[in-house]
Amino acid sequence: MGKSTRSQSNKSPSKAQDPQAAMAASAQNDSNYVSMSAVQELLKAQESAMRSLFESVVSDLTTKVDKALKSVEEIKISLQFTQRDVEELKPLRADFVKVKKQLDLLSKELDSHSLKLEYLENQSRRNNIRLNGIPESSKESWEDTEAKVKAAIKSKLNINVDIVRAHRVDARNSTKGRPNTNKPRTIVCKIRDWKQREEVLRKARKEKPVGLHISEDIALATLLKREPLIPKFKEAKEAGKIAYFILDKLIIRDRI
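Definitions and limits used
Residues numbered from 1 in each chain as written. Predicted model: local features only at pLDDT ≥ 70, side-chain atom pairs only at ≥ 80, totals over all residues. Heavy atoms only, no water. Salt bridge = Lys/Arg side-chain N within 4 Å of Asp/Glu carboxyl O. Helix = DSSP H or I, 4+ residues; strand = E, 2+ residues; numbered from the N terminus. Buried < 20%, exposed > 50% of the residue type's maximum accessible area, 1.4 Å probe, protein only. Core = buried A, V, L, I, M, F, W, Y, C linked by side-chain atoms within 4.5 Å. Contact = heavy atoms within 4.5 Å. Expected span 1.5 Å × (residues − 1). Arc of directions from axis to C-beta. Pairing = 2+ DSSP bridges. Axes fitted to C-alpha atoms, helices over the stretch in contact; angles between N-to-C directions. Parallel < 35°, antiparallel > 145°, perpendicular 65-115°, else oblique. Left-handed = near helix turned anticlockwise from the far one by under 90°. Nonpolar A, V, L, I, M, F, W, Y, C, P; charged D, E, K, R; others polar.

> How should the pattern of salt bridges be read in this particular structure?
Where charged atoms from two side chains of opposite charge come close, those side chains can pair. Counted by the stated rule, this structure contains 16 salt bridges. One salt bridge in this structure joins Arg-185 and Glu-136, with 2.7 Å as the shortest N-O distance. Taken together, the residues span a long stretch of sequence, with Arg-185 in the loop between strand 2 (163-169) and strand 3 (186-191) and Glu-136 in the loop between strand 1 (128-132) and helix 2 (142-157) at a distance of 49 residues. Given a relative accessible area of 25%, Glu-136 falls into the partly exposed group. Across the pair Asp-248 and Lys-225 runs a salt bridge whose closest N-O atoms are separated by 4.0 Å. With Asp-248 in the loop between strand 5 (242-246) and strand 6 (249-253) and Lys-225 in helix 4 (residues 220-226), this residue pair connects regions lying 23 residues apart in the sequence.

Structure representation (structure tokens):
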């Protein structure tokens, strides 16, 4: 009896603890369920975000591909038109070559005519000289100019020249009127005899008269061709060599 009672009294506390254990187990299960639910929600949110990102990337790539395809199509159409234009221009190539040959020929002929005109102009000036430094008076007539030229050449070079005509001209680089009203204009003078003209030029180069500069009268085209040769001309003179021009050709030779 004593053992049975003791045995029952020992079991009673165990039966009293079973509800608490059950509640604890239930709470633990609820906690685990909540945690899993939260994880599932996070996974769903992440999946949704990844899907949106993927769709955005795919949409962007699709747009770029569409644009690229459109550009390729436009280039293809452009090339087709270009090819067609090229095909249409092929028959004109022969005409173009023919016209180019004609233009080259005309250009050569023009250069040839220009040289002939330059030569003729220089021939028409072969008896002329240009004088600078002779004072100019108000309302000076051609007769006055001729008289001044004769007097200057006689005084400076001791040569009596036979003049056909003499007149003043503006400077060749003058674009609007006289560049300097205080400076007398150049005189262009035609001497009747070519040999006398050469004598005047030769003596003027040798004696270099003070206050009077005398030079040959040549075509402007020839004068422009001489300009690049002037430094070489001066260099030869400084070296003691003989240097002079024949039209646009520079002649340099050693003194004997």
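Alright, that's what it looks like, and here's the rest.
> Please explain the nonpolar core as it appears in this structure.
One recurring pattern in soluble globular proteins is that nonpolar side chains are buried together. Judged by nonpolar contacts, the single largest core of 19 residues is most densely connected at Ile-129, Leu-131, Val-149, Ile-153, Cys-189, Val-200 and Ile-214. Residue assignment for this core shows that the elements contributing at least two residues are strand 1, helix 2, strand 2, strand 3 and helix 3 (194-207). The element best represented in this core is helix 2, accounting for 4 residues. Excluding anything up to four places from it in sequence, Val-200 contacts Ile-129, Ile-153, Leu-157, Ile-159, Val-161, Ile-191 and Ile-214.

> Would you mind going over helix 2 with me for this structure?
The α-helix winds at 3.6 residues per turn, so residues separated by three or four positions along the chain end up facing the same way. Relative to the 22 Å expected for 16 residues at 1.5 Å per residue, helix 2 spans 22 Å between its end C-alpha atoms, a close match to the ideal helical length. Considered for burial, the residues of helix 2 that qualify are Thr-145, Glu-146, Val-149, Ala-152, Ile-153 and Leu-157. Looking down the long axis of helix 2, one finds its buried residues gathered within 130 degrees of arc, a one-sided arrangement. Exposed side chains of helix 2 directed beyond 90 degrees from the buried face belong to Glu-143 and Ser-155. Where the residues of helix 2 are buried, they touch strand 1, strand 2, strand 3, helix 3 and strand 4 (213-216). Of the residues one or two after helix 2, Asn-158 is the one with positive phi, at around 60 degrees.

> Help me understand the pairing of strand 4 in this model?
Two faces belong to every sheet, and in a regular strand the side chains alternate between them. Judged by which residues are buried, strand 4 turns out to be one-sided: Ile-214 and Glu-216 face inward and are buried, whereas His-213 and Ser-215, on the alternate face, are not. When strand 1 meets strand 4, the two strands line up antiparallel, connected through 4 bridges. Counterpart to Ile-129 in the pairing with strand 4 is Glu-216.

> Hey, could you run me through the pairing of strand 5 in this one?
Where strand 5 and strand 6 come together, 5 bridges link them in antiparallel fashion. The residue of strand 6 that forms the bridge with Tyr-244 is Ile-251. Between strand 5 and strand 6, which pair antiparallel in sequence order, lie 2 residues; one of them, Leu-247, sits at a positive phi of approximately 55 degrees.

> How should the packing of helix 2 against helix 3 be read in this particular structure?
Any two packed helices are characterised by how steeply their axes cross, that is the angle between the axes, and by the distance between the axes. Two elements in contact, helix 2 and helix 3, have axes whose closest approach is 11 Å; the angle formed by their N-to-C orientations is 50 degrees. The angle between helix 2 and helix 3 places the two elements in the oblique class. For the pair helix 2 and helix 3, the sense of crossing is left-handed. Counted together, Ile-153, Lys-156 and Leu-157 of helix 2 and Val-200, Lys-203, Ala-204 and Glu-207 of helix 3 form the full contact between these two elements. Split by residue class, the contact of helix 2 with helix 3 holds 4 nonpolar, no polar and 3 charged.

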